[in-house]
Amino acid sequence: MAEAERIIGTPDTPDDGGERTATPDAAGADQQPAAAGRRPGRGRRIAVLFAVAAFAYALDLVSKMIVVAKLEHHAPIEVIGDWLEFHAIRNPGAAFGFGGAFTIIFTLIAAAVIVVIFRLARKLYSFPWAIALGLLLGGALGNLTDRVFRSPGVFEGQVVDFIAPKGFAVFNLADSAIVCGGVLIVLLSFRGLDPDGTVHKD
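The rules behind these values
- Residues numbered from 1 in each chain as written.
- Predicted model: local features only at pLDDT ≥ 70, side-chain atom pairs only at ≥ 80, totals over all residues.
- Heavy atoms only, no water.
- Helix = DSSP H or I, 4+ residues; strand = E, 2+ residues; numbered from the N terminus.
- Buried < 20%, exposed > 50% of the residue type's maximum accessible area, 1.4 Å probe, protein only.
- Contact = heavy atoms within 4.5 Å.
- Pairing = 2+ DSSP bridges.
- Core = buried A, V, L, I, M, F, W, Y, C linked by side-chain atoms within 4.5 Å.
- Patch = residues over 30% accessible without salt bridge, like charges linked within 9 Å, V, L, I, M, F, W, Y side chains within 5 Å.
- Areas by Shrake-Rupley, 256 points an atom, 1.4 Å probe, with all protein chains shown as cover.
- Salt bridge = Lys/Arg side-chain N within 4 Å of Asp/Glu carboxyl O.
- Axes fitted to C-alpha atoms, helices over the stretch in contact; angles between N-to-C directions.
- Left-handed = near helix turned anticlockwise from the far one by under 90°.
- Nonpolar A, V, L, I, M, F, W, Y, C, P; charged D, E, K, R; others polar.
- Phe/Tyr/Trp six-rings, centres within 6.5 Å; stacked < 30°, edge-to-face > 60°.
- Lys NZ or Arg CZ within 6 Å of the ring centre and 35° of its normal.
- Expected span 1.5 Å × (residues − 1).

A.B. asks: What exactly am I supposed to notice about the overall build of the chain here?
C.D. replies: In terms of regular secondary structure, the chain is built from 7 helices and 5 strands. Evaluated residue by residue, the chain yields a buried proportion of 38% over its 202 residues. Sequence separation of at least 24 residues holds for 70% of the intrachain contacts in the chain that already meet a minimum separation of 6.

See below:
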């Protein structure tokens, strides 16, 4: 958590409607506007974060409810021949079925990820980062809901997976949101864009 907050721990500065490029001169110039007041615009980014998270979470929750009601204990449904099927399983492990013996650990990790995202949101000024963190938050909440409320018990619940590509692990929409959010974060990092909107150019 400390490392994540270090990345975004830059002074608040006025929002100019876009990303800010970090330069030696800009660092000194930022101090005077920062003292004048809070940097506006953060609320819009936070709204995007939670809107994306709510959409991803709702989509995952509804899909799992349908799968449990209509597909569980039934034969797989072919979507694209045998290349893609809907096949309901219960997964005690992490995303894509890995680590089935560490259900409680993965539950704690998901909870920690959610806490870190909420803390990062305090100084979030980048729309792309808001989308990425929203995907991570929605996916983590989706699988954490299964861990808490599904059998065999609280914090040991098994996640409902149903998307089964040929020759690949079975997963769900929460896993997809987490992966998409993670890939977007990697791309933003390569581009040099920080969550506070600063662009670092080499």
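A.B. asks: In this structure, what is going on with the pairing of strand S4 (residues 159-165)? I would like to understand it.
C.D. replies: Across a regular strand the side chains alternate sides, sitting on one face of the sheet and then on the other. Burial of S4 is extensive: 6 of the 7 residues sit out of reach of the surface. When strand S3 (residues 84-91) meets S4, the two strands line up antiparallel, connected through 6 bridges. Within the sheet, the bridge partner assigned to Ile89 lies in S4 and is Asp161.

A.B. asks: Is there a simple way to think about the nonpolar core in this case?
C.D. replies: Note on soluble globular proteins: their nonpolar side chains tend to be buried together. Ranked by size, the top nonpolar core spans 20 residues in total, and within it Leu49, Ile117, Leu124, Trp129, Leu133, Leu137 and Ile185 carry the most contacts. Put simply, the parts of the chain that give this core at least two residues each are helix H4 (42-70), helix H5 (103-120), helix H6 (127-149) and helix H7 (173-191). Top contributing element to this core by residue count: H6, with 8 residues. Among all residues touching Leu133, those that are not within four sequence positions of it are Leu49, Ile117, Leu120, Leu124 and Ile185.

A.B. asks: Just checking my understanding: could you explain a nonpolar patch on the surface for this structure?
C.D. replies: Judged by side-chain polarity, Ile77, Val79, Ile80, Trp83 and Phe86 come together as a nonpolar surface patch covering roughly 500 Å² of accessible area. Considering every element that reaches the nonpolar patch, the biggest residue donor is strand S2 (residues 77-80), with 3 residues. With respect to the helices and strands, Phe86 occurs in strand S3. A relative accessible area of 31% means that Phe86 is categorised as partly exposed.

A.B. asks: Mind showing me how you'd approach the packing of H4 against H6 here?
C.D. replies: The geometry of a pair of packed helices is captured by two quantities: the angle between their axes and the separation between those axes. Their axes nearest at 7 Å, the elements H4 and H6 cross at an angle of 35°. The two elements H4 and H6 cross, and the hand of that crossing is right-handed. Grouping the amino acids of the contact of H4 with H6 by side-chain chemistry returns 15 nonpolar, 5 polar and 5 charged.

A.B. asks: I would appreciate a short explanation of the pattern of salt bridges in the present structure.
C.D. replies: Pairing between side chains of opposite charge can happen when the charged atoms of each approach one another. This model, assessed by the stated rule, comprises 5 salt bridges. Asp60 is the salt-bridge partner of Lys64, the closest N and O atoms lying 2.9 Å from each other. In this pair, Lys64 and Asp60 both sit in helix H4, 4 residues apart, roughly one turn of the helix. Judged by its relative accessible area of 0%, Lys64 is buried. Its salt-bridge partner being Lys166, residue Asp82 comes within 3.7 Å of it at the nearest N-O pair. Of the two residues, Asp82 sits in the loop between S2 and S3 while Lys166 sits in the loop between S4 and H7, which places them 84 residues apart along the sequence.

A.B. asks: What exactly am I supposed to notice about the packing of aromatic side chains here?
C.D. replies: Any aromatic ring pair is given by two values, namely how distant the centres are and how the planes are angled relative to each other. For the structure on display, the rule yields 3 aromatic pairs. Between Phe50 and Phe118, the aromatic rings sit 5.5 Å apart at their centres with planes inclined by 45°, giving tilted as the arrangement. A residue pair is termed long-range when its members are at least 10 positions apart, and Phe50 in helix H4 and Phe118 in helix H5 qualify at 68 residues. With centroids separated by 6.2 Å and ring planes inclined at 80°, the aromatic side chains of Phe168 and Phe171 adopt a geometry described as edge-to-face. Classification of Phe171 as buried rests on a relative accessible area of 12%. Its end group placed over the ring of Trp83, Lys166 keeps NZ or CZ at 4.6 Å from the ring centre.

A.B. asks: Teacher, can you tell me more about H6 here?
C.D. replies: Each α-helix turn comprises 3.6 residues. Residues three or four places apart therefore point the same way. Taking 1.5 Å per residue as the helical rise, H6 with its 23 residues ought to reach 33 Å, and the 32 Å between its terminal C-alpha atoms agrees with that figure. For H6, the buried fraction is high: 17 of the 23 residues fall into the buried class.

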